[in-house]
Structures are given as structure tokens and as C-alpha cells.
Amino acid sequence: MSDTPGDGKLELKQASKEVKESENVAEKYSAMTVSKNSEITMGELSVSSAAFSVVPIHKPVKKQIQFVEDKQEFSRFPTKAGRRSLSRSISQSSTDSYSSAASYTDSSDDETSPRDKTQLNSKGTSDFCVKNIKQAEFGRREIEIAEQDMSALISLRKRAQGEKPLAGAKIVGCTHITAQTAVLIETLVALGAQCRWTACNIYSTQNEVAAALSEIGVAVFAWKGESEDDFWWCIDKCVNMEGWQPNMILDDGGDLTHWVYKKYPNVFKKIRGIVEESVTGVHRLYQLSKAGKLCVPAMNVNDSVTKQKFDNLYCCRESILDGLKRTTDVMFGGKQVVVCGYGEVGKGCTAALKAMGSIVYVTEIDPICALQACMDGFRVVKLNEVIRQVDVIITCTGNKNVVTRDQLDRMKNGSIVCNMGHSNTEIDVASLRTPELTWERVRSQVDHVIWPDGKRVILLAEGRLLNLSCSTVPTFVLSITATTQALALIELYNAPEGRYKQDVYLLPKKMDEYVASLHLPTFDAHLTELSDEQAKYLGLNKNGPFKPNYYRY
């Protein structure tokens, strides 16, 4: 304060004026509602929002936020009129889609179908069909991140790169297209193979990774949110290439194998080997073999120890929580959850949910698996016994109609239904496409199915594989499966004539052990070695295999 007479009064008056002006400004901006699609500009600050805008109103009121509900009805048939509808797989394991979802990774892209675009990579080639080839650089960074946790596959690449054990191999693949799968594909290329690739799931493709693979010359036909027609078109584009004929198949689900067998029988007869990694695809191969129609040797990777005991168990144990959290933000503590199936996938899911405090029930058809569930502390029930009280249903059986329309009708309001098996037939989603039920898209891969009485059931990924459709999976575990697939391809391609007949084979035990040994250095693990006397006592070779084929780990 100044000592000059009167200055104090002037300062108080000025301060009072400034306070009053501030109150007027505050009042002005508090009298606003929020509506859709506008822009706020205040001096140098400009704020744009697709969800909110600020609109001043005349009468001063308390600050109000008005959410504009954006309900979206789904198109039941998203494919463009006039496009031919390709014949469907017997089990419909990877299609049955009535709506396509936007990609997490490039939601800003336009809705133009990649099939209607002409794209070139930096080499000037166009033998691919992806969402946006310009995303290749971003995809390359994701692949480099994945490589850091897939050291075993990189080690295999370095060890065998000089020998080129896949020189001359023309591999057509149908798997999830993720950064981890890209490391496998690039390993196959480094070992001498030519590859053409498509996706086994319409929602799991990472568009930027597909672009990165296309950029280096791998013919990729896949994007996130394909329609059913797109799915089969992409498979056909991979197989039907003038001047190029596949001699090896790497499949996940059996759709590619089924397509080649049905549509290109002459090509199928010349295939040197099939590698299949899913229970659905393996089931199809055994059906062909039993009918005497499997004219090529096939490797059942799904039932290999390194797939069953690591990918199926540990991958699902971590990714089930990730998928549910990302889509629903659900609190697991105290929730009642029923897991349908207590195989390795079911064991992983139940262990994770139990650790989070959920009350977990199990359904099973197999008395051995049911007894395992009981001994692990879970109550084994029939689904109908708990259908009205559970909060979450998770299917992981590989079967069809595990959850029926009648059971969905009896579920309580707000319950969640999802699938952790490969096939999308486990939940009877088709029965929910009826006029009396309303479908409301909440976010990508999350739908509210609304009954006439207002009851809502939350359906995730339209009944498709939850973890790869709605989240991600641990890279290290996928490294184990990818290394197993690579070795199976090398084994079948280089096997002397007569070693494998026209049948389905399990991976040799020695190969399983080799895959495991490649991953041990990550943990700085040191194996104990048998002495000559110990090896003789057990009747084993000091270098393995250490267990007979019938051993259950």
C-alpha cells in the first residue's frame, strides 16, 4: 500500500472492479451446454472435439454437460451389392459376421474398402491388399518391439539363415496378423521361403503390421474389420496367383486348408505339408484323414507340448483379463463367472479370474477335466444351474452352441458374454439377429443386445476370439508357438520321402524340447545335465528326448 493519502481507496476500488469483471467472465462461460461437433476458440487456444462443443446461452445457469446419445444400428449385411458371395466353410469358424468394426490402429481412415483402392509400396508393386500402406513405418516399429521379446525365433533365424532350409518353399498362411506373427513370417522369408498371407480372424489384424509386411514384399491380403465376403476373397487372392503355386500351408482354424481342398483340388494334391495350430483346424484334418481324403502329411501343432502348455495356458491366463478390462472396465472382485471348458485355455482363464477375487464356476463334459477343476477348487456345474445368477460367461471349448438363445434369454441384465476359443460358433450369435432384439454398438467390439423388456446383455467381439479381437497377447508366449510352427514347416519341407505318410502327426518330442531350450536363456535358466551313469539308469540319451511320447506334462 502507498503512503500517499487516497491511494489506498483507489487501489481497493480498482481491485473491486477487477473482481467484478472476473465474475462476469466466469458467469458467461459457466452458462454453457455441451453439444456435438463444434469448436471452442479462446484467444490463442483452440479446442476441437468430435464429441463436444460449447454453445453460449443468454440466461446464466449452472454449468451443464449434456451428453448426446449416439445410437448406432448395425447393418446386417455390410458387403457391397453385386459382389459374389463365395461358398462358406463347413464350420463357419472364422466368419458369420454381420457388421464390421473399425480398427483400433487407424480409426481415422476413411471407410473405403481396401478392395476398392489401388496402392503401391515403395518398390512399385501392388500384389497386396491392406488398409493403408502408408502405415508401414509405424508397423515396422511394432515389429521391432515384438522382436525384442522373441529372441528364440530370432536365434533360430540367425542359426539357419545360412543354410536356407526353406529355399524353394512357397508358403501360403492364414493366421492372426499381428506384430508377433510378422516376426515369424519374416523369419520364414529369411530362411528362404516365399510367403503369401491372409488373416484367420476378421477382427485381429493389426493394419499397420499388414502394411509393414506388404512394404517388404510379402503379399498380404487382410485388414481389420473385413466382411464375410472380404474374408474369403482374401484367402482366394493368396492362393490363386498366376505363375505362383503354394507347396506348404500354415493354417490357424482350417479355413485356408478347407478352401484349397474344395476349390483347388489339384493344388491341394501337390502340397508337401500342412501345419495347423488350432483345435478347430486339427479336428478338420482328422476328419479328412478318417475319410481317406487327406492326401498330404499334416503336423498337429495344437497338441504339441509347447503349444498346449504355454500358449493355451499362460497366454490365456494373462490375456483374458486384458480383453475384459479394455472392453468393459469390469471389476472382477466378487463377480460370478462361469468358464465353459476346463482344457488348457479354461485352466488359464479360471486361474486368472480366481486370483482377482471372482467366484468361478466351470462346466465340463470330460470327467477327467471336471475332476481337475474340482481339485483346483472350482465348483463344476451345468450352465442352466447358474445361468440366472452369473455376471460373466466365457466359452473355451471349441464346440458349437455352448451358449444357446434360451440361455441368453435367461441371463440377468448387464451380464457379459464372450468367447476364448478359436471358433465363433460357441455362442449362438445368429439367434440374436431377430427383429425383437435391438443391437447397440457401445464401442469397437462391444455390443449391447437389448431385449424388449429393456434387459441388456453385453456381447464382446460378436462371439469371436476375445483376446486377439479386443486386446493383445503376451509376445513371449507367442514366440514359443511361432518357433514351433517354423520348425514344423522346416521338418515337413525337408523330410525325406516316406518319413511322413498322408496322415496327421504330432510334433516330435525332440523338437518340443528344442523349442523350450531356445527360450530358457531369457530367464537365465541353467539345465542340470545327466551323468553317463544316470542316463544309463534311466535308459535315456543324455541330450534327450527326456520323456516318452505318452508322457503328460
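Placed above this text is the structure.
Here we summarise the structure given alongside this text. (Residues numbered from 1 in each chain as written. Predicted model: local features only at pLDDT ≥ 70, side-chain atom pairs only at ≥ 80, totals over all residues. Heavy atoms only, no water.)

## With respect to the pairing of strand E11 (residues 336–340)
- With five of five residues buried, E11 lies mostly within the body of the structure.
- Residues Gln336, Val338 and Cys340 line one face of E11 and the alternating positions Val337 and Val339 line the opposite face, and both faces are buried.
- Pairing of E11 with strand E12 (residues 359–363), which is carried by five bridges, proceeds in the parallel orientation. Of the residues in E12, the one forming a bridge with Val339 is Val362.
- Sheet topology places E11 next to strand E14 (residues 392–395); four bridges connect them, and they run parallel. Across the sheet, Val337 pairs through a bridge with Val392, a residue of E14. (Buried < 20%, exposed > 50% of the residue type's maximum accessible area, 1.4 Å probe, protein only. Helix = DSSP H or I, 4+ residues; strand = E, 2+ residues; numbered from the N terminus. Pairing = 2+ DSSP bridges.)

## Points about the packing of helix H4 (residues 179–190) against helix H16 (residues 475–494)
- For the pair H4 and H16, the least separation of the axes is 9 Å and the interaxial angle reads 30°. The angle between the axes of H4 and H16 places the two elements in the roughly parallel class. Regarding H4 and H16, the two cross each other, and that crossing is right-handed. Here Gln180, Leu184 and Leu188 of H4 come into contact with H16, specifically with Thr475, Leu478, Ala482, Gln485, Ala486 and Leu489.
- Taken together, the residues of the contact of H4 with H16 break down into six nonpolar, three polar and no charged. (Axes fitted to C-alpha atoms, helices over the stretch in contact; angles between N-to-C directions. Parallel < 35°, antiparallel > 145°, perpendicular 65-115°, else oblique. Left-handed = near helix turned anticlockwise from the far one by under 90°. Contact = heavy atoms within 4.5 Å. Nonpolar A, V, L, I, M, F, W, Y, C, P; charged D, E, K, R; others polar.)

## A closer look at the packing of H16 against helix H17 (residues 509–519)
- The N-to-C vectors of H16 and H17 enclose an angle of 140°; their axes lie 10 Å apart at closest approach. With respect to H17, the axis of H16 lies oblique. By crossing handedness, the relation of H16 to H17 is classed as right-handed. Where H16 abuts H17, its residues Phe476, Ser479, Ile480, Thr483, Thr484, Leu487, Ala488 and Glu491 lie against Met511, Tyr514, Val515, Leu518 and His519.
- Per-class residue counts for the contact of H16 with H17 are eight nonpolar, four polar and one charged.

## Overview of the state of the cysteines
- Within this structure, the stated rule accounts for zero disulfides.
- Cys200 takes part in no disulfide bond, and the closest cysteine sulfur to it belongs to Cys174, at a distance of 5.5 Å.
- On the accessibility criterion, Cys200 (1% relative accessible area) is buried.
- Cys349 carries a free sulfur, and the closest cysteine sulfur to it, the one in Cys396, is 4.9 Å from it. (Disulfide = S-S within 2.5 Å.)

## Overview of the nonpolar core
- Core analysis: the largest hydrophobic core is formed by 54 residues, its most contacted members being Leu166, Ile171, Ile177, Leu188, Trp197 and Val220.
- Sorting the residues of this core by element identifies helix H2 (136–148), helix H3 (151–160), H4, strand E6 (194–199), helix H5 (207–215), strand E8 (248–251), H16 and H17 as the ones contributing at least two each.
- A per-element tally of this core places H16 first, with ten residues.
- With residues up to four places along the chain from it excluded, the contact list for Leu166 reads Ile171, Leu188, Leu191, Gly192, Ala193, Leu489, Ile490 and Tyr493.
- Counting residues in hydrophobic clusters, the runner-up holds 31 residues, among them Phe221, Phe231, Val260 and Val504. (Core = buried A, V, L, I, M, F, W, Y, C linked by side-chain atoms within 4.5 Å.)

## Notes on the sheet that holds E6
- As summarised here, the arrangement of the seven strands in space is E7-E6-E5-E8-E9-E10-E19, forming an open sheet in which the pairing is parallel. Here the strands that pair on one side only, and so sit at the sheet edges, are strand E7 (219–221) and strand E19 (504–506). In this sheet, adjacent strand axes meet at a mean angle of 20° when their direction is disregarded.
- Both E6 and E7 contribute to a ladder of three bridges, which runs parallel. Bridging across to E7, Thr198 finds its partner in Phe221.
- Contacts from helix H9 (residues 279–290) reach strand E9 (273–276), strand E10 (298–300) and E19 within the one sheet, and its direction differs from that of E9 by about 140°.

## Overview of the pattern of salt bridges
- In the structure shown here, the tally under the stated rule is 20 salt bridges.
- Here Glu436 ties to Arg405 by a salt bridge, and the two come within 3.1 Å at their closest N and O atoms. Taken together, the residues Glu436 in the loop between strand E15 (416–419) and strand E16 (438–443) and Arg405 in helix H14 (residues 405–410) connect sequence positions 31 residues apart.
- With a closest N to O distance of 3.1 Å, Lys542 and Asp532 form a salt bridge. With Lys542 in the segment after helix H18 (532–538) and Asp532 in helix H18, this residue pair connects regions lying ten residues apart in the sequence.
- By relative accessible area, Lys542 is classed as partly exposed at 38%.
- By relative accessible area, Asp532 is classed as exposed at 56%. (Salt bridge = Lys/Arg side-chain N within 4 Å of Asp/Glu carboxyl O.)

## Observations regarding the packing of aromatic side chains
- If you walk through the whole model with that rule in mind, you get ten aromatic pairs.
- Relative to Tyr505, the ring of Tyr500 lies with its centre 5.0 Å away and its plane at 75°, an arrangement referred to as edge-to-face.
- One Lys or Arg, Lys455, reaches over the ring of Trp451 and ends 4.2 Å from the middle of that ring. (Phe/Tyr/Trp six-rings, centres within 6.5 Å; stacked < 30°, edge-to-face > 60°. Lys NZ or Arg CZ within 6 Å of the ring centre and 35° of its normal.)

## Concerning the side chain of Thr481
- Positionally, Thr481 belongs in helix H16.
- With relative accessibility at 3%, the residue Thr481 sits in the buried group.

## Some remarks on the sheet that holds E16
- Strands sit in the order E13-E12-E11-E14-E15-E18-E17-E16 across an open sheet of eight strands; the sheet is mixed. Only two strands of the sheet have a single partner each, and these edge strands are strand E13 (379–380) and E16.
- Pairing of E15 with strand E18 (residues 456–460), which is carried by two bridges, proceeds in the parallel orientation. Across the sheet, the residue bridging to Ile416 is Ile458, located in E18.
- Packing of helix H10 (residues 305–328) onto the sheet brings it into contact with E14, E15, E16, strand E17 (446–450) and E18, and relative to E18 it is tilted by some 125°.

## Section: H3
- Buried within H3 we find Ala152, Leu153, Ile154, Leu156, Arg157 and Ala160.
- Buried residues along H3 sit against H2, H4, H16 and H17.

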